[in-house]
Amino acid sequence: MGITEILEKISNNIAYVAIALAVLVIALIVLQIINLLKISKMKASYESFMAGKDGSSLEDEVHSRFAQIDELASTSKKHTSQLAVIEEELLGAYEKVGIVKYDAFNEMGGKLSFALAMLDKSDNGFVMNSMHSREGCYTYVKEIIRGKSYITLGSEEQRALEEAVNHDKVME
């Protein structure tokens, strides 16, 4: 098969070749338009970023941001140390409470007497019992260590202590 034969076959199908080339040219034009739109959008974004800024003003902005970061790091360290102090102080704070109201002498009504238990996280604290009668009010305090009293507790005091010890379970 010589060159003349190839040219003859192409000349017979020249319309197909022309259509294929036209479709290829149109596809290339569409791709070129898409690329131009992307480039113009990127150029607009770049110009917006660089508007009014020169190298030194950008450098000043970067230094300003680093100064802000240093200030935030310093503040964070300060807050961390403050939180450590607060957590240390909270170890001795009373956070569990139990209260039982009752009528101490069955004569007045209104349940004016009460037993109040206040404990810290380790169940250390006190039970205060305030008994109200017509003759006066009597208040007693008993120390609690690890959830136990070394002095005998009355039934109301014991219930208040149990409420306080189980405070976490009730709150959940």
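Residues numbered from 1 in each chain as written. Predicted model: local features only at pLDDT ≥ 70, side-chain atom pairs only at ≥ 80, totals over all residues. Heavy atoms only, no water.

Under the defined criterion, the tally for this structure stands at three salt bridges. In this structure, Arg 65 engages Glu 61 in a salt bridge whose closest nitrogen and oxygen atoms are separated by 2.9 Å. You can see Arg 65 and its partner Glu 61 sitting in helix α3 (residues 55-90), four residues apart, about one turn around the helix. The class for Glu 61 is partly exposed, based on a relative accessible area of 32%. Residue Lys 96 is joined to Asp 123 by a salt bridge in which the shortest nitrogen-to-oxygen separation is 2.8 Å. (Salt bridge = Lys/Arg side-chain N within 4 Å of Asp/Glu carboxyl O. Helix = DSSP H or I, 4+ residues; strand = E, 2+ residues; numbered from the N terminus. Buried < 20%, exposed > 50% of the residue type's maximum accessible area, 1.4 Å probe, protein only.)

For the rest of this paragraph, the subject is unusual backbone geometry. The phi angle at Asp 123 is positive, at roughly 65°, despite the residue not being glycine. Its location among the elements puts Asp 123 in the loop between β2 (113-119) and β3 (125-132). Given the relative accessible area of 16%, Asp 123 is considered buried. Backbone geometry at Arg 146 places phi at a positive 50°, although glycine is not the residue there. Mapped onto the fold, Arg 146 is located in the loop between β4 (137-144) and α4 (155-165).

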